[in-house]
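# Tertiary structure, described
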Amino acid sequence: FHAGGHEDPKPLKENEGKCFIGSYVLGMGFTFDDTNPEATPIAEMHRLIEKDPRNAERIFPYLGGEELNTSPTHAHHRYVINFGQMTEVEARRWPDLLEIVEKKVKPERTKLGDNPDGRRRKACWWQWGRYTPALFERLGDISRCLCIARVSQHASFAWIPAALVPSEQLVVSANDSDSFFAVLQSRPHELWARFFSSSLEDRLRYGPSDCFETFPFPPGWGASPVLSLVGKEYCDCRAALLRKKGDGLTTLYNRFHDPDETSPDILR
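Notes on the structure follow. (Residues numbered from 1 in each chain as written. Predicted model: local features only at pLDDT ≥ 70, side-chain atom pairs only at ≥ 80, totals over all residues. Heavy atoms only, no water.)

We now examine the overall build of the protein. Tallying secondary structure elements over the protein gives 12 helices and 11 strands in all. For the protein, the C-alpha radius of gyration of 20 Å lies close to 18 Å, the compact-globule estimate for 268 residues. Projected onto its principal axes, the C-alpha coordinates of the protein cover approximately 55 × 45 × 35 Å. Counting only residues that meet the buried cut, the protein has 44% of its 268 residues in that class. Put simply, the protein shows about 14,100 Å² of open surface, and 55% of that area lies on carbon and sulfur atoms. Once the 34 positive and 38 negative side-chain charges of the protein are each reduced to a mean point, those two points are 2 Å apart. (Helix = DSSP H or I, 4+ residues; strand = E, 2+ residues; numbered from the N terminus. Rg over C-alpha atoms; globule rule 2.2 N^0.38 Å. Buried < 20%, exposed > 50% of the residue type's maximum accessible area, 1.4 Å probe, protein only. Areas by Shrake-Rupley, 256 points an atom, 1.4 Å probe, with all protein chains shown as cover. Lys, Arg positive; Asp, Glu negative; His and termini not counted. Charge placed at Lys NZ, Arg CZ, Asp CG, Glu CD.)

Below is the structure:
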């Protein structure tokens, strides 16, 4: 910018529709979680599936930014009920699950304001606060997707199964290639993201429009065997370190960037 103007970079057509903020469920009553009193215990989820195996059709593993950055394997500990864009009549095909949502979510929805968004959520109380059909359509074509926590100390991307429901605390990129990982985990992309994104305290706030859609990928990145190899080797090495140490991404990168770190085995 010292040699030119101060306009923000424009979104690139090539990057359109490839990066999304995760799902805005907006209602802990949709979730099964042993750590949140507003959710339903996971034991009850198992009981309902045993009672009627069809209930499993509408229950999905649910992952947030904290789990991505603190679990050595980016493991989830929550599940979420998902009726998608169904009508209430369609959702009643799973009465056990709809009863939970009606009891735990509907009362909170009735308290919402009288604006267009509030009226929609009150009228469709069995649906998530905001559904992103384009995200799930893209995830349906791949087995894994690349995620980063929306707010984090480090620009650390990780693979998660595409069958997981990513929360709104994750930014999801619908591409499963190792070369894609190499580009996004690279130092040039981190510098770009930190320069053009907002921040929370001293942490990076990664947004699809600011950080991804404007970023110029290098020519031929998708067909580069070098990028693919480097991306896979880096990811495999890091995954092995996380499992060996029992650390999450935040702890590992904190140690890596700590000038006082003296342990000789951090990268072994």
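Quick look at the sheet that holds strand E9 (residues 170-173) now. Here we have 4 strands laid out as an open sheet, ordered E1-E9-E5-E7, and antiparallel in their pairing. Looking along the sheet, the strands with just one partner apiece sit at the ends: strand E1 (19-21) and strand E7 (158-161). Adjacent strand axes in the sheet meet at a mean angle of 35° when their direction is disregarded. Where strand E5 (residues 144-149) meets E7, 4 bridges bridge the pair, whose relative direction is antiparallel. Paired with Cys145 across the two strands is Ile160, which belongs to E7. (Pairing = 2+ DSSP bridges. Axes fitted to C-alpha atoms, helices over the stretch in contact; angles between N-to-C directions.)

Quick look at helix H1 (residues 42-51) now. Looking only at H1, the buried set comprises Ile42, Met45 and Leu48. Projection of H1 onto a plane perpendicular to its axis shows the buried side chains occupying an angular sector of 115°, all on one side. Exposed residues lying more than 90 degrees from the buried face of H1 are Ala43, Glu50 and Lys51. (Arc of directions from axis to C-beta.)

Across its 21 residues, helix H11 (residues 225-245) extends 30 Å between first and last C-alpha, which sits within 8% of the 30 Å expected from 1.5 Å per residue. Turning to H11, its buried residues number three or more, namely Gly231, Cys235, Arg238, Leu241 and Leu242. Angular distribution of buried residues about the axis of H11 spans 130°; they occupy a single face of the element. Exposed side of H11, more than 90 degrees from the buried face: Pro225, Val226, Leu229, Arg243 and Lys244 are the residues found there. The elements touched by buried residues of H11 are E7, helix H8 (178-184) and helix H12 (249-257). After H11 finishes, the residue Gly246 shows a positive phi value of roughly 75°. (Expected span 1.5 Å × (residues − 1). Contact = heavy atoms within 4.5 Å.)

Turning our eyes to something else, we now look at the pattern of salt bridges. Tallied over the entire structure, the rule returns 16 salt bridges. Where Asp117 meets Arg120, a salt bridge forms, and the shortest distance between an N and an O atom there is 3.0 Å. Here Arg120 and Asp117 lie together in helix H6 (residues 116-123), a separation of 3 residues that amounts to about one turn. The exposure class of Asp117 is partly exposed, given its relative accessible area of 31%. When salt bridges that share partners are traced, they join Asp117, Arg120 and Arg121 into one network. (Salt bridge = Lys/Arg side-chain N within 4 Å of Asp/Glu carboxyl O.)

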